[in-house]
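The lines below spell out each chain.
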Amino acid sequence: MTDIPPDLTWVRAAPPEATGPGPWIEIAFGEGDDGEAPVYLRETSDPDNVVTTNRRKWDAFVRGVQAGEFDHFVEGVEETETPAEADGDPANTV
């Protein structure tokens, strides 16, 4: 098991208006700025279970998401309303 630095800054991957405990995915970037610098991922419902990858792989994943390479994973999944959508405020919808 890799030692997880105790001073990481975790960023929650959730809409800004999201409330409640999630579960949400959180990401933290380790020291370094090269392709081998560590990237840590965890779920808020199980924060002790941390997956580690590196910046090169993380950047490739993000580019794939942006390009739609993973869209087939959500086919048939119903979208949930954000709180702004539920309130009928189209100015605050994503």
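About the thresholds
- Residues numbered from 1 in each chain as written.
- Predicted model: local features only at pLDDT ≥ 70, side-chain atom pairs only at ≥ 80, totals over all residues.
- Heavy atoms only, no water.
- Pairing = 2+ DSSP bridges.
- Helix = DSSP H or I, 4+ residues; strand = E, 2+ residues; numbered from the N terminus.
- Axes fitted to C-alpha atoms, helices over the stretch in contact; angles between N-to-C directions.
- Contact = heavy atoms within 4.5 Å.
- Salt bridge = Lys/Arg side-chain N within 4 Å of Asp/Glu carboxyl O.
- Buried < 20%, exposed > 50% of the residue type's maximum accessible area, 1.4 Å probe, protein only.
- Polar contact = N/O pair within 3.5 Å; in protein donor to acceptor, adjacent residues only side chain to side chain.
- Phe/Tyr/Trp six-rings, centres within 6.5 Å; stacked < 30°, edge-to-face > 60°.

K.L.:
Run through the sheet that holds strand 2 (residues 25-29), naming residues and quoting values.
P.N.:
The strand order 1-2-3-4 describes an open sheet built from four strands, whose pairing is antiparallel. Two strands bound the open sheet, and with one partner strand each, they are strand 1 (11-13) and strand 4 (46-54). Taking each pair of neighbouring strands and ignoring which way they run, the sheet shows an average axis angle of 30 degrees. Here strand 3 (residues 38-43) runs beside strand 4; their pairing, made up of six bridges, is antiparallel. The partner of Glu43 across the bridge, within strand 4, is Asp46. In the packing of helix 1 (residues 55-66) onto the sheet, contacts are made with strand 2, strand 3 and strand 4, and the angle to strand 4 comes to roughly 95 degrees.

K.L.:
Residues and numbers for the pattern of salt bridges, please.
P.N.:
Per the counting criterion, the structure on display carries four salt bridges. Measuring nitrogen to oxygen at the nearest pair gives 2.7 Å for the salt bridge that ties Arg42 to Glu26. Remark: Glu26 occurs in strand 2 and Arg42 occurs in strand 3; sequence separation between them is 16 residues. The exposure class of Arg42 is buried, given its relative accessible area of 18%. Judged by relative accessible area, which is 7%, Glu26 ranks as buried.

K.L.:
An account of the pairing of strand 2 is requested, with residue identities and associated values reported.
P.N.:
With three bridges connecting them, strand 1 and strand 2 associate as antiparallel partners. In the sheet register, Val11 faces strand 2, and the bridge partner there is Ile27. For strand 2 and strand 3, the ladder comprises five bridges, and the chain directions are antiparallel. Bridge pairing links Ile25 to Glu43 in strand 3.

K.L.:
Give me the side chain of Asn54: which residues, what numbers.
P.N.:
The residue Asn54 is located in strand 4 in this model. Within polar-contact distance, the side chain of Asn54 engages the side chain of Glu36 at 3.3 Å. Of the polar contacts made by the side chain of Asn54, one reaches the backbone nitrogen of Lys57; its length is 2.8 Å.

K.L.:
An account of the packing of aromatic side chains is needed here, citing residue identities and associated values.
P.N.:
Applying the stated rule across the entire model yields four aromatic pairs. With centroids separated by 6.4 Å and ring planes inclined at 75 degrees, the aromatic side chains of Phe29 and Trp58 adopt a geometry described as edge-to-face. One end of the pair, Phe29, is in strand 2; the other, Trp58, is in helix 1, and 29 residues separate them in sequence. We classify Phe29 as partly exposed; its relative accessible area is 39%. Judged by relative accessible area, Trp58 falls into the buried class, the value being 14%.

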